[in-house]
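Chain and residue survey
In case you want the letters, here they are:
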Amino acid sequence: MSASDDHRMAQAIMLARRGLGRTWPNPSVGAIVVGPSGEIVGRGWTAPGGRPHAEAIALEQSGEKAEGSTIYVTLEPCAHEGRGPACSDIIVAAKLKRVVIGLRDPDPRTAGQGIERMQDAGIEVEEGVLAAEAAAVTLGHVMRVTQKRPAVTLKLAVGSDGLVPRGDGEPVWVTGAEARTHGHFMRARNDAILVGRGTVAADDPTLTCRLPGMSSRSPVRVVLDSHLRTSPEARLFEDSKVPVCLICVEGENHLGAEALRARGADIVPVPGNADGHISLKETLEALVGLGITRVLVEGGPTVAGAFLDGDLVDEAVIYQGPEPAGADALTPFAGDGLDRLAKNSHFTSIATRSFGPDRMTWWRRNSICSLE
């Protein structure tokens, strides 16, 4: 491993980020092909819908220059055929000299077999380069394969008092335009956005990505609605191009189901808990079954607290504005304040950033940081 390897892998990771939110159910992978002279002769990231894979795109761009070159790829090249040949076979056919990998693929269809196939062909393979960074960008795939659930990022906006403003039928902003723009960018990088029915009732949000030119990057809208009481007139249904998935408790006679289906909603029943509420674990398993690998949870304090209580949060992004949220505001985690993260040994603050007067803090589960 060398500084040059780190630099090239960092570039591949940047490419992988471009595909986040668009490649599910496949992971977003980045690849760079570097010729013997050090010149980049090909680059690629997983195409929308998951195919073609990054390696295939980069090698097609490289053409004959691929022979004797090195490819840097964020995830181990696959060893199984799908809608095209396995990427490890494509690399062997291209006669590459060296393959540098960020993260070994936990998918049992590959899981080291891609590496073995390339090594058997005489190709030098180096793995584990910027592994933590590669794992972070591939987290949705890793969690889907190893935990049977998507990666979960919790997003909340609070006032200077650490409280969440109470909605009154429409969105209430506690942060400025720059922070909200970043929040929409986060939506674009996730496969689905999840809220509770209470958020829909209180704020009547659209839950789409409203950045200029990025409406097509809107994630699937998921609403936790135990008894299907969401209004068919909710603004969620105004944009029929962006799917709406309502999660309800199975085994009940949901009177509102027909009207919601008529508005285009997909209804997914899941088992309930002992108290009759939706099981979040079963919800995440159901979303994995739909191909979802990354979920942005934007629900209110009840939903946020439930995800933390269930140990189902991998990352948390907190935006804090400069003004208090108000006397009738809510605690961010259904009775608990921001100390729930700050004093939680399971989470580490990995980044802070200012958006005008607003401040963002990004938290990550420690087990992810250490790749345990």
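Heads up: these notes are all about the structure in this document. (Residues numbered from 1 in each chain as written. Predicted model: local features only at pLDDT ≥ 70, side-chain atom pairs only at ≥ 80, totals over all residues. Heavy atoms only, no water.)

In this section: the sheet that holds strand β1 (residues 30-34). Picture the strands of a sheet paired through backbone hydrogen bonds; they go either parallel or antiparallel. Reading across from one edge, β2-β1-β3-β4-β5 is the order of the five strands in this open sheet, with mixed pairing throughout. Each edge of the sheet is formed by a strand with only one pairing partner; in this case those strands are β2 (40-45) and β5 (124-127). Between one strand and the next, the sheet's axes are offset by a mean angle of 15 degrees, whatever the strand orientation. The pairing of strand β4 (residues 98-103) with β5 spans four bridges and is classified as parallel. Its bridge partner lying in β5, R98 is registered against E124. Of the strands in this sheet, β1, β2 and β3 (70-75) touch helix α2 (residues 54-62), which is tilted by about 150 degrees from β2. Contacts from helix α4 (residues 113-120) reach β4 and β5 within the one sheet, and its direction differs from that of β5 by about 150 degrees. (Pairing = 2+ DSSP bridges. Helix = DSSP H or I, 4+ residues; strand = E, 2+ residues; numbered from the N terminus. Axes fitted to C-alpha atoms, helices over the stretch in contact; angles between N-to-C directions. Contact = heavy atoms within 4.5 Å.)

Let us now look at the nonpolar core. In this structure, M9, I71, I91 and V99 are the most contacted members of the largest nonpolar core, which totals 36 residues. Within the residue set of this core, elements represented by two or more residues are α1 (3-18), β1, α2, β3, β4, α4 and α5 (131-137). At five residues, α1 tops the list of elements feeding residues into this core. Excluding its chain neighbours within four sequence positions, the residues that come into contact with I91 are E55, L59, I71, P77, L96, V99, M118 and I123. (Core = buried A, V, L, I, M, F, W, Y, C linked by side-chain atoms within 4.5 Å. Buried < 20%, exposed > 50% of the residue type's maximum accessible area, 1.4 Å probe, protein only.)

What follows deals with the pairing of strand β14 (residues 358-365). In terms of residue burial, β14 counts as a mostly covered element, since seven of its eight residues are buried. Two strands pair when backbone bridges link them, and strand β12 (residues 315-320) and β14 are joined in this way by six bridges, in the antiparallel orientation. Bridge pairing in β14 links V317 to W362. In this structure, strand β13 (residues 347-355) lies alongside β14, joined through eight bridges in antiparallel fashion. If you follow S349 over to β14, its bridge partner there is W363. The turn joining β13 and β14, which pair antiparallel and follow one another in sequence, is formed by two residues; a positive phi near 60 degrees is taken by G356.

For β1 and β2, the ladder comprises five bridges, and the chain directions are antiparallel. The partner of G30 across the bridge, within β2, is W45. Connecting β1 to the antiparallel partner β2 that follows it, the hairpin turn spans five residues, and G38 within it adopts a positive phi of roughly 95 degrees.

Take α2 next. Along an α-helix, residues three or four apart share an orientation, since each turn contains 3.6 residues. Those residues of α2 not exposed but buried are A54, E55, A58, L59 and S62. Each buried residue of α2 sits inside an arc of 120 degrees when the element is viewed along its axis, so together they form one side. Tucked inside the fold, the buried residues of α2 contact β1, β2, β3 and α3 (87-93). Positive phi appears at G63, one or two residues downstream of α2, with a value of about 60 degrees. (Arc of directions from axis to C-beta.)

With that settled, the discussion passes to the sheet that holds β12. With respect to topology, nine strands assemble into an open sheet ordered β10-β9-β8-β7-β11-β6-β12-β14-β13, the strand pairing being mixed. Looking at strand neighbours, the two that pair on one side only are β10 (265-270) and β13, the edges of this open sheet. Between one strand axis and the next, the sheet turns through 20 degrees on average, direction left out of account. Across the sheet, helix α11 (residues 301-309) lies against β6 (151-158), β7 (192-196), β8 (220-224), β11 (294-297) and β13, angled at about 140 degrees from β6, the strand it touches most.

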